[in-house]
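These are the residues of each chain, in order.
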Amino acid sequence: KNERPKRTGFELGVTHDARIGTSCKTMRPVPSRARSLAAFACALASLTVAPVAAAELSLGVPGFGEIKVADASEPADEVERFSQVVRSEVGHVFRPDELQRFVDGLCAQRAEQYSLGLAAGKCLKPALGGRLSLELQGVGAIKVEPGQSPGEAIDDFLVAAKAGGRLALSEAGVDEVLDYFCNLKPCAVPLRPLELEVSGMGVVRVQVGQ
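Computed from a predicted model, the values in this text were never measured in an experiment. (Residues numbered from 1 in each chain as written. Predicted model: local features only at pLDDT ≥ 70, side-chain atom pairs only at ≥ 80, totals over all residues. Heavy atoms only, no water.)

J.: If you had to explain the pattern of salt bridges to someone new, which residues and values would you point to?
T.: All chains considered together, the criterion is met by 8 salt bridges. Each of Arg95, Asp97, Glu98 and Arg101 takes part in a single network of salt bridges with overlapping partners. (Salt bridge = Lys/Arg side-chain N within 4 Å of Asp/Glu carboxyl O.)

J.: Hey, could you go over the pairing of strand S4 (residues 140-144) for me, with residue numbers and the actual values?
T.: Sheet topology places strand S3 (residues 132-136) next to S4; 5 bridges connect them, and they run antiparallel. When the bridges of S4 are listed, Leu134 appears paired with Ile142. (Pairing = 2+ DSSP bridges. Helix = DSSP H or I, 4+ residues; strand = E, 2+ residues; numbered from the N terminus.)

J.: Explain helix H3 (residues 96-115) residue by residue, including any values.
T.: Taking 1.5 Å as the rise per residue, H3 with 20 residues should run 28 Å; its terminal C-alpha atoms sit 29 Å apart, in good agreement. Regarding H3, the residues found buried are Glu98, Leu99, Phe102, Val103, Leu106, Cys107, Arg110 and Gln113. Those residues of H3 hidden inside the fold are in contact with strand S1 (57-61), strand S2 (65-69) and helix H2 (75-89). Gly117 sits one or two positions beyond H3 and adopts a positive phi of about 80°. (Expected span 1.5 Å × (residues − 1). Buried < 20%, exposed > 50% of the residue type's maximum accessible area, 1.4 Å probe, protein only. Contact = heavy atoms within 4.5 Å.)

J.: Quick one: what's the story with the nonpolar core, residue by residue and with numbers?
T.: If you look at the biggest cluster of nonpolar residues, it comprises 17 residues, and the most contacted ones within it are Ile67, Val79, Phe94, Phe102 and Leu106. Taken together, the elements giving at least two residues each to this core come down to S1, S2, H2 and H3. Sorting elements by how many residues they give to this core places H3 first, with 5 residues. Setting aside residues up to four positions removed in sequence, Leu106 forms contacts with Leu57, Ser58, Leu59, Ile67, Val69, Pro75 and Val79. In terms of nonpolar packing, the next biggest core, distinct from the first, is built from 14 residues, Leu132, Val144, Ile154 and Leu158 among them. (Core = buried A, V, L, I, M, F, W, Y, C linked by side-chain atoms within 4.5 Å.)

J.: Any chance you could break down the packing of helix H4 (residues 150-163) against helix H5 (residues 171-182) for me, citing the residues and the numbers?
T.: At a closest axis distance of 10 Å, the pairing of H4 and H5 adopts a crossing angle of 140°. One element, H4, and the other, H5, form an angle in the oblique class. Handedness of the crossing formed by H4 with H5: right-handed. Contacts between H4 and H5 pair Pro150, Gly151, Ile154 and Leu158 from the former with Val174, Val177, Leu178 and Phe181 from the latter. Class assignment of the residues belonging to the contact of H4 with H5 gives a composition of 7 nonpolar, 1 polar and no charged. (Axes fitted to C-alpha atoms, helices over the stretch in contact; angles between N-to-C directions. Parallel < 35°, antiparallel > 145°, perpendicular 65-115°, else oblique. Left-handed = near helix turned anticlockwise from the far one by under 90°. Nonpolar A, V, L, I, M, F, W, Y, C, P; charged D, E, K, R; others polar.)

Shown next as structure tokens:
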């Protein structure tokens with residue numbers, strides 16, 4: 001006895017299509033209610049959801065500019081970079097509690113956007129890292145404060161070591177120390193000679209460690 005093969009998938013007169021799950025092109029005559037449900041299923045299959053744009057965070061710092069954080073970046077890292085640039089270009093040193101307040105404000109924005117589905121996640125680094133230190137045998141310890149660029153700390157160390165008559169680092173040694181610190185924190189300010197244009201004299205160039 002031949003049995004009628006059982007139908008699989010949707011039982012609303014809609015056949016499957018491997019590309020979208022159902023095909024809206026081949027619909028058999030079915031009762032009106034079933035036809036309405038089938039049309040609704042087809043409409044759902046054809047919908048495309050536009051991706052939500054990555055949300056950028058921003059925090060204004062009066063007198064110094066604005067800290068901007070892309071969705072894929074950590075606020076703590078961007079605060080660190082901002083502080084390094086301000087310190088290098090303006091000479092202003094933010095206090096640790098000020099830096100933490102910047103991070104807290106940006107992380108609060110990130111948490112709110114995450115709750116609304118506008119961010120991929122919350123802050124993974126709720127605070128800046130602490131002081132970094134590297135002991136150099138026979139020379140001393142190089143210390144890098146939060147918000148300070150490793151390049152600035154290394155240059156200050158070399159100047160102090162030279163003034164104290166201590167052994168200076170070679171160029172290769174300086175590069176190794178810089179790489180060490182830059183693997184531990186963002187490096188927004190490069191270590192390079194300082195150039196200053198003096199009226200009537202031209203450009204005065206100060207080498208690293210001088």
